[in-house]
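As a plain string of letters, each chain reads:
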Amino acid sequence: MRHQGFGNLQKASLLGLGNGGPCAISAYIRRDFFENLHDDCVNSIGTMKAVIVILFLGVLLHQTYGALITRAQWGARAPTGTSKFSGVIPYVVIHHSVSPGVCSTTDACKTAMRSMQNYHMNTNGWADIGYSFAVGGDGNIYEGRGYNVVGAHAPGYNSQSIGLLLIGDFSKSNAPANMVTAAKNFISSAVSAGKLSSTYKLIGHRQALATECPGDKLYAQIKTWSRYTANP
Ligand SMILES: [Zn+2]
(Lines give C-alpha, C1' and ligand atoms only; values in the text may rest on other atoms or scores of the structure.)
Protein backbone atom coordinates (compact mmCIF):
# COMPACT_ATOMS: atom_id res chain seq x y z
CA MET A 1 0.00 0.00 0.00
CA ARG A 2 1.35 3.39 -0.88
CA HIS A 3 1.31 6.32 1.43
CA GLN A 4 1.86 9.66 1.05
CA GLY A 5 4.25 23.65 5.14
CA PHE A 6 7.11 25.89 6.23
CA GLY A 7 7.40 29.63 6.30
CA ASN A 8 8.68 31.84 3.61
CA LEU A 9 12.00 33.26 2.65
CA GLN A 10 12.14 36.88 3.62
CA LYS A 11 12.77 39.28 0.83
CA ALA A 12 14.72 42.47 1.24
CA SER A 13 15.26 45.37 -1.08
CA LEU A 14 18.70 46.64 -1.77
CA LEU A 15 17.36 49.76 -3.45
CA GLY A 16 19.43 52.79 -2.77
CA LEU A 17 22.49 50.88 -1.60
CA GLY A 18 25.73 50.17 -3.37
CA ASN A 19 24.83 52.28 -6.37
CA GLY A 20 27.62 54.80 -6.11
CA GLY A 21 25.36 57.38 -4.45
CA PRO A 22 26.36 59.66 -1.61
CA CYS A 23 27.19 56.67 0.54
CA ALA A 24 29.02 54.28 -1.72
CA ILE A 25 30.78 51.75 0.51
CA SER A 26 34.20 52.37 -0.98
CA ALA A 27 33.80 56.07 -0.27
CA TYR A 28 32.87 55.30 3.30
CA ILE A 29 35.91 53.11 3.79
CA ARG A 30 38.21 55.87 2.51
CA ARG A 31 36.81 58.50 4.84
CA ASP A 32 39.01 59.76 7.60
CA PHE A 33 37.86 58.42 10.93
CA PHE A 34 37.41 61.92 12.31
CA GLU A 35 35.52 63.26 9.37
CA ASN A 36 31.84 63.70 10.02
CA LEU A 37 29.72 61.31 8.03
CA HIS A 38 26.92 62.77 6.02
CA ASP A 39 23.58 62.08 7.73
CA ASP A 40 22.22 60.28 4.68
CA CYS A 41 25.29 58.10 4.68
CA VAL A 42 24.83 57.13 8.32
CA ASN A 43 21.18 56.32 7.63
CA SER A 44 22.12 54.20 4.64
CA ILE A 45 24.67 52.26 6.65
CA GLY A 46 22.00 51.59 9.27
CA THR A 47 19.64 50.43 6.54
CA MET A 48 22.34 48.23 5.05
CA LYS A 49 22.92 46.56 8.44
CA ALA A 50 19.20 45.95 8.80
CA VAL A 51 19.05 44.45 5.33
CA ILE A 52 21.94 42.12 6.13
CA VAL A 53 20.22 40.99 9.35
CA ILE A 54 16.94 40.38 7.48
CA LEU A 55 18.74 38.40 4.77
CA PHE A 56 20.54 36.35 7.42
CA LEU A 57 17.28 35.59 9.27
CA GLY A 58 15.65 34.77 5.94
CA VAL A 59 18.34 32.21 5.16
CA LEU A 60 17.93 30.69 8.63
CA LEU A 61 14.16 30.47 8.25
CA HIS A 62 14.55 28.98 4.81
CA GLN A 63 16.89 26.30 6.08
CA THR A 64 14.69 25.33 9.00
CA TYR A 65 11.18 25.66 7.60
CA GLY A 66 11.33 25.56 3.82
CA ALA A 67 8.17 26.79 2.15
CA LEU A 68 4.57 25.67 2.17
CA ILE A 69 3.80 24.44 -1.35
CA THR A 70 0.07 24.77 -1.93
CA ARG A 71 -2.07 22.37 -3.90
CA ALA A 72 -2.23 24.87 -6.74
CA GLN A 73 1.57 25.09 -6.76
CA TRP A 74 2.07 21.32 -7.12
CA GLY A 75 -0.75 21.00 -9.62
CA ALA A 76 -3.25 19.03 -7.52
CA ARG A 77 -6.49 17.78 -9.04
CA ALA A 78 -9.69 18.92 -7.34
CA PRO A 79 -10.96 16.35 -4.81
CA THR A 80 -14.09 14.42 -5.78
CA GLY A 81 -15.42 15.08 -2.27
CA THR A 82 -14.39 16.71 1.02
CA SER A 83 -15.49 15.97 4.59
CA LYS A 84 -14.50 18.30 7.39
CA PHE A 85 -14.05 17.73 11.09
CA SER A 86 -14.04 20.50 13.65
CA GLY A 87 -11.95 21.48 16.63
CA VAL A 88 -8.32 21.60 17.60
CA ILE A 89 -6.60 18.50 16.21
CA PRO A 90 -5.34 16.04 18.88
CA TYR A 91 -3.10 13.67 16.87
CA VAL A 92 -0.26 13.62 14.34
CA VAL A 93 0.19 10.35 12.43
CA ILE A 94 3.54 9.91 10.66
CA HIS A 95 3.87 7.97 7.37
CA HIS A 96 6.45 7.14 4.73
CA SER A 97 5.61 6.64 1.08
CA VAL A 98 7.91 3.71 0.19
CA SER A 99 7.34 4.84 -3.40
CA PRO A 100 7.99 7.53 -4.55
CA GLY A 101 11.43 7.67 -2.94
CA VAL A 102 13.04 10.78 -1.47
CA CYS A 103 12.71 13.74 -3.85
CA SER A 104 15.60 16.17 -3.71
CA THR A 105 14.27 18.99 -5.88
CA THR A 106 11.00 20.88 -5.64
CA ASP A 107 10.04 19.85 -9.17
CA ALA A 108 10.62 16.19 -8.29
CA CYS A 109 8.56 16.56 -5.08
CA LYS A 110 5.70 18.17 -7.02
CA THR A 111 5.80 15.23 -9.43
CA ALA A 112 5.76 12.84 -6.46
CA MET A 113 2.69 14.56 -5.03
CA ARG A 114 0.83 14.32 -8.35
CA SER A 115 1.77 10.66 -8.73
CA MET A 116 0.55 9.79 -5.22
CA GLN A 117 -2.68 11.73 -5.75
CA ASN A 118 -3.29 9.92 -9.05
CA TYR A 119 -2.65 6.55 -7.42
CA HIS A 120 -4.97 7.30 -4.49
CA MET A 121 -7.76 8.62 -6.71
CA ASN A 122 -7.44 6.34 -9.75
CA THR A 123 -6.37 3.05 -8.17
CA ASN A 124 -7.65 3.29 -4.60
CA GLY A 125 -10.78 5.20 -5.61
CA TRP A 126 -10.30 7.80 -2.89
CA ALA A 127 -11.60 11.35 -3.09
CA ASP A 128 -8.12 12.89 -2.97
CA ILE A 129 -4.54 12.22 -1.92
CA GLY A 130 -4.87 10.45 1.42
CA TYR A 131 -2.58 12.58 3.57
CA SER A 132 -3.06 15.98 5.22
CA PHE A 133 0.45 17.27 4.43
CA ALA A 134 3.74 15.88 3.12
CA VAL A 135 7.42 16.67 3.69
CA GLY A 136 9.76 16.67 0.69
CA GLY A 137 13.46 15.93 0.56
CA ASP A 138 13.80 19.58 -0.50
CA GLY A 139 12.75 20.58 3.03
CA ASN A 140 9.41 21.99 1.87
CA ILE A 141 5.96 21.13 3.16
CA TYR A 142 3.37 20.07 0.57
CA GLU A 143 -0.32 20.67 1.19
CA GLY A 144 -2.42 17.52 0.93
CA ARG A 145 -5.99 17.54 2.19
CA GLY A 146 -5.00 20.21 4.68
CA TYR A 147 -6.15 20.85 8.24
CA ASN A 148 -9.49 19.58 9.55
CA VAL A 149 -10.28 17.60 6.40
CA VAL A 150 -11.04 13.91 7.02
CA GLY A 151 -8.11 11.96 5.64
CA ALA A 152 -7.58 8.48 4.19
CA HIS A 153 -4.35 7.44 5.87
CA ALA A 154 -4.94 5.78 9.26
CA PRO A 155 -8.22 4.10 10.29
CA GLY A 156 -9.48 5.46 13.59
CA TYR A 157 -7.46 8.65 13.23
CA ASN A 158 -8.64 10.08 9.92
CA SER A 159 -11.07 12.51 11.54
CA GLN A 160 -8.83 13.55 14.44
CA SER A 161 -5.31 13.88 13.10
CA ILE A 162 -2.84 15.51 10.79
CA GLY A 163 -1.62 12.70 8.54
CA LEU A 164 1.97 13.78 7.87
CA LEU A 165 3.88 11.94 5.17
CA LEU A 166 7.65 11.99 4.81
CA ILE A 167 8.15 11.23 1.11
CA GLY A 168 10.59 8.32 0.78
CA ASP A 169 11.30 4.77 1.92
CA PHE A 170 12.56 4.76 5.50
CA SER A 171 12.58 1.02 6.11
CA LYS A 172 16.36 0.75 5.94
CA SER A 173 17.45 4.41 5.72
CA ASN A 174 16.92 7.23 8.17
CA ALA A 175 14.86 10.20 7.04
CA PRO A 176 17.36 12.96 6.12
CA ALA A 177 18.00 15.63 8.76
CA ASN A 178 16.44 18.42 6.70
CA MET A 179 13.20 16.45 6.36
CA VAL A 180 13.09 15.73 10.09
CA THR A 181 13.70 19.40 10.87
CA ALA A 182 11.03 20.52 8.42
CA ALA A 183 8.54 18.02 9.86
CA LYS A 184 9.19 19.10 13.44
CA ASN A 185 8.98 22.79 12.58
CA PHE A 186 5.80 22.27 10.61
CA ILE A 187 4.24 20.50 13.61
CA SER A 188 5.31 23.41 15.86
CA SER A 189 3.82 25.88 13.40
CA ALA A 190 0.52 23.96 13.43
CA VAL A 191 0.43 24.33 17.22
CA SER A 192 1.28 28.04 16.96
CA ALA A 193 -1.49 28.51 14.40
CA GLY A 194 -4.00 26.95 16.80
CA LYS A 195 -4.72 24.08 14.40
CA LEU A 196 -3.00 21.38 16.45
CA SER A 197 -3.42 20.92 20.21
CA SER A 198 -0.37 21.88 22.29
CA THR A 199 -0.88 18.51 24.01
CA TYR A 200 -1.10 16.58 20.74
CA LYS A 201 -0.02 12.95 20.60
CA LEU A 202 2.35 11.86 17.84
CA ILE A 203 2.26 8.28 16.58
CA GLY A 204 3.46 6.18 13.65
CA HIS A 205 0.97 4.65 11.21
CA ARG A 206 1.81 1.13 12.51
CA GLN A 207 0.25 2.09 15.84
CA ALA A 208 -3.13 2.48 14.09
CA LEU A 209 -3.11 -0.82 12.21
CA ALA A 210 -0.81 -3.64 11.12
CA THR A 211 1.56 -2.03 8.62
CA GLU A 212 5.30 -1.51 8.44
CA CYS A 213 4.68 2.22 7.81
CA PRO A 214 6.45 4.57 8.59
CA GLY A 215 9.40 2.16 8.14
CA ASP A 216 11.60 0.75 10.90
CA LYS A 217 14.18 3.53 10.66
CA LEU A 218 11.74 6.44 10.66
CA TYR A 219 9.68 4.78 13.39
CA ALA A 220 12.82 4.60 15.56
CA GLN A 221 13.47 8.29 14.78
CA ILE A 222 9.98 9.52 15.71
CA LYS A 223 10.20 7.73 19.05
CA THR A 224 12.67 10.49 20.01
CA TRP A 225 10.42 13.34 18.79
CA SER A 226 8.41 15.58 21.13
CA ARG A 227 5.08 14.14 22.19
CA TYR A 228 5.63 10.70 20.67
CA THR A 229 3.11 8.49 22.45
CA ALA A 230 3.72 4.76 22.85
CA ASN A 231 0.16 3.96 23.95
CA PRO A 232 -2.22 6.46 22.32
ZN1 LIG B 1 1.29 5.04 6.39
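Residues numbered from 1 in each chain as written. Predicted model: local features only at pLDDT ≥ 70, side-chain atom pairs only at ≥ 80, totals over all residues.

Asks: Provide a residue-level description of the overall build of the chain, including the pertinent values.
Replies: Secondary structure summary: the chain contains 6 helices and 6 strands in total. The burial tally for the chain puts 36% of its 232 residues in the buried class. (Helix = DSSP H or I, 4+ residues; strand = E, 2+ residues; numbered from the N terminus. Buried ≥ 20, exposed ≤ 12 C-beta atoms within 10 Å, placed from the backbone.)

Asks: Account for the environment of Gly-168, naming residues and giving values.
Replies: Here Gly-168 is to be found in the loop between β5 (161–166) and α5 (177–192). For Gly-168, a count of 26 C-beta atoms within 10 Å translates into the label buried. Considered as a pair, Gly-168 and Gly-215 are 47 residues apart in the sequence and their alpha carbons are 9.7 Å apart.

Asks: Could you give an account of the sheet that holds strand β4 (residues 141–143), with specific residues and numbers?
Replies: Strand order in the open sheet formed by 6 strands is β1-β4-β3-β5-β2-β6, and the pairing between neighbours is mixed. Whereas interior strands pair on both sides, the edge strands pair on one side only; in this sheet they are β1 (68–69) and β6 (196–204). With 6 bridges joining them, strand β2 (residues 89–96) and β5 adopt parallel strand pairing. Paired with Val-93 across the two strands is Gly-163, which belongs to β5. Of the strands in this sheet, β2, β3 (133–135), β4, β5 and β6 are in contact with α5, which crosses β3 at around 150°. (Pairing = 2+ DSSP bridges. Contact = placed C-beta atoms within 7 Å. Axes fitted to C-alpha atoms, helices over the stretch in contact; angles between N-to-C directions.)

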